Amino acid sequence: ELLIIKKTMLLLFALIPSIAATAIRASHPLGKSTQRVNHVQGPLTSHFATWLQDNGYGDNDFLRLDYGDQGSYGGKTTADETIDNTPVVFVHGNSDSALNAGYYIGWTNTIQCFIDHGWNSASLYATSWGDDDGANAELRTHNCATTQRLRRFLIAVQNYTQYEKVHVIGHSMGVTLGRKIILGGKITASDGDCDLGAPIRFVDVFVGLAGANYGLCHCIVDSDHPTCNHDNGYWPGDFCGDNGADQCGAAVMKEPCNGVKYSKFMTDLNNDFDQLAKRVVSAWSSADDLIQYGDNIWGKPTSLIPRSTDTKIYPNYTHMETKESEESVRNQYEWVNRI
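Residues numbered from 1 in each chain as written. Predicted model: local features only at pLDDT ≥ 70, side-chain atom pairs only at ≥ 80, totals over all residues. Heavy atoms only, no water.

As annotated in an unreviewed UniProt entry, the chain carries the name Lipase and is attributed to Pristionchus mayeri.

What follows is about the confidence of the model for the chain. As a general rule, the predicted coordinates of low-pLDDT regions are not to be interpreted in detail. On average, the chain scores 90 in pLDDT, and the residues at 70 or more come to 89%. Low pLDDT, under 50, characterises residues 1–29; the predicted model gives this stretch 52 contacts beyond four residues in sequence or across chains. (pLDDT = per-residue confidence, 0-100. Contact = heavy atoms within 4.5 Å.)

Overall, the coordinates contain four disulfides when judged by the stated rule. Bridging Cys-219 to Cys-228, the disulfide has an S-S length of 2.2 Å. On the S-S bond that ties Cys-219 to Cys-228, the torsion sits near -70°, and the link is left-handed. Take Cys-219: its relative accessible area is 0%, and that puts it in the buried class. Among the residues examined, Cys-228 registers a relative accessible area of 0% and is labelled buried. Each disulfide pairs two cysteine sulfurs, and for Cys-240 the partner residue is Cys-257, the sulfurs being separated by 1.7 Å. For the disulfide bridge between Cys-240 and Cys-257, the dihedral angle about the S-S bond is near 100°, and by the sign convention the bridge is right-handed. Placement of Cys-240 in the loop between strand E7 (203–209) and helix H7 (264–270) and of Cys-257 in the loop between E7 and H7 is noted, with a sequence separation of 17 residues between them. (Disulfide = S-S within 2.5 Å. Buried < 20%, exposed > 50% of the residue type's maximum accessible area, 1.4 Å probe, protein only. Helix = DSSP H or I, 4+ residues; strand = E, 2+ residues; numbered from the N terminus.)

What follows concerns helix H5 (residues 144–161). The terminal C-alpha atoms of H5, which comprises 18 residues, lie 26 Å apart, in line with the 26 Å expected from a rise of 1.5 Å per residue. The buried count for H5 comes to 13 of 18 residues, which makes it a mostly enclosed element. Regarding H5, its N-cap is Asn-143, as a side-chain oxygen of that residue lies 3.5 Å from the backbone nitrogen of Ala-145 further along. Count one or two residues on from H5 and you reach Gln-162, which has phi positive near 65°. (Expected span 1.5 Å × (residues − 1). Polar contact = N/O pair within 3.5 Å; in protein donor to acceptor, adjacent residues only side chain to side chain.)

Residue position: Ser-328 is located in helix H9 (residues 326–337). Accessibility expressed as a relative area gives 0% for Ser-328, which makes it buried. In this structure Ser-328 touches Leu-209, Tyr-314, Glu-321, Thr-322 and Lys-323, once residues within four positions along its chain are discounted.

By the definition in use, this model includes ten salt bridges. Linking Arg-338 and Asp-204 is a salt bridge whose minimum nitrogen-to-oxygen distance equals 2.9 Å. One end of the pair, Arg-338, is in the segment after H9; the other, Asp-204, is in strand E7, and 134 residues separate them in sequence. Relative accessible area serves as the criterion here: at 42%, Arg-338 is assigned to the partly exposed category. When the shortest N-O distance is used, the salt bridge between Arg-279 and Asp-310 registers 3.0 Å. In this pair, Arg-279 is assigned in strand E8 (residues 279–285) and Asp-310 in strand E11 (residues 310–314), connecting sequence segments 31 residues apart. Overall, the relative accessible area of 16% leaves Arg-279 in the buried class. Given the relative accessible area of 23%, Asp-310 is considered partly exposed. Several salt bridges converge on common partners, so that one network encompasses Asp-96, Lys-323 and Glu-324. (Salt bridge = Lys/Arg side-chain N within 4 Å of Asp/Glu carboxyl O.)

Attention now moves to the sheet that holds strand E4 (residues 166–171). Taken in spatial order, the seven strands make up an open sheet running E1-E3-E2-E4-E7-E8-E11, and their pairing is mixed. Unpaired on one side and paired on the other, strand E1 (72–73) and E11 mark the two borders of the sheet. (Pairing = 2+ DSSP bridges.)

Turning next to the packing of helix H4 (residues 108–116) against H9. Following both chains from N to C, one finds H4 and H9 inclined at 55°, their axes separated by 9 Å at the closest point. Here H9 runs oblique to H4, going by the angle between their axes. In the crossing of H4 with H9, the sense of the turn from one axis to the other is right-handed. The residues of H9 that touch H4, namely those facing Asn-109, Thr-110, Cys-113 and Phe-114, are Val-329, Arg-330, Gln-332, Tyr-333, Val-336 and Asn-337. The class makeup of the residues in the contact of H4 with H9 is five nonpolar, four polar and one charged. (Axes fitted to C-alpha atoms, helices over the stretch in contact; angles between N-to-C directions. Parallel < 35°, antiparallel > 145°, perpendicular 65-115°, else oblique. Left-handed = near helix turned anticlockwise from the far one by under 90°. Nonpolar A, V, L, I, M, F, W, Y, C, P; charged D, E, K, R; others polar.)

Next comes the structure, spelled out in structure tokens:
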């Protein structure tokens, strides 16, 4: 019976791009934004870089100077500069970067929007993780090295700014990474097992844009790709009750849906009832060209973070436009400022 299902799936998905082709490959213009605003220039300021070095973060390479002035952003320009707004930490997705370092433009549009509203680098923070080579997208997972490094960055920003609260905005894989670095706990990964520690309690607003919180249906076919693995990848499960794999992306299940077994990382994350933030916003597009299927997985949106306080559904944006469009960046500004 399982063999029949697998053969059926191969036929059903034959014309659908695999996750290797769709997960932000440099040769594939997936959701590439045509909206490029003023050039935002990093990297982290010398004041913040010096503070990081002096406070034990020097080995974490938060500056990412391999991307020139586009690998990171944030920090005070002088010691006496005031921080006038609650700091925001941005976590980008797979094959993206902090700013416009490669094929994608990172958080350039969002940061420019905040700057246009009077904010400065003392309240806006981003670092790059991984690399921007789309050919490596299928290899990336929620591993210990990445989550530990990003958690240290979040903690460093809070300690540096001395604000009681910070906001976090994540996109795509940055949503699930962002959730994990806040909630902490254990990870089983290819680079070893680790424990991130206790939940972080200083996040005020968390915004998740186009995150695959319940996995990706493409992974049923691309199960041999590391990013789809059953431990810390985007494995969605290959059945839900009596609904077979061909129903993974359906908006409505033919049969009662229960017992789905998706990746351990996602299961642990979604079953963690510790408070992620005081306000949790989930936003996605029904036309997402990476997640596809109208964002559905086993009859529910994969981008809906459990226990969200706010949701926003865009009807026509691509995966990247959900982060970069004029409407989205305006919404991001409004959400963290509670407008």
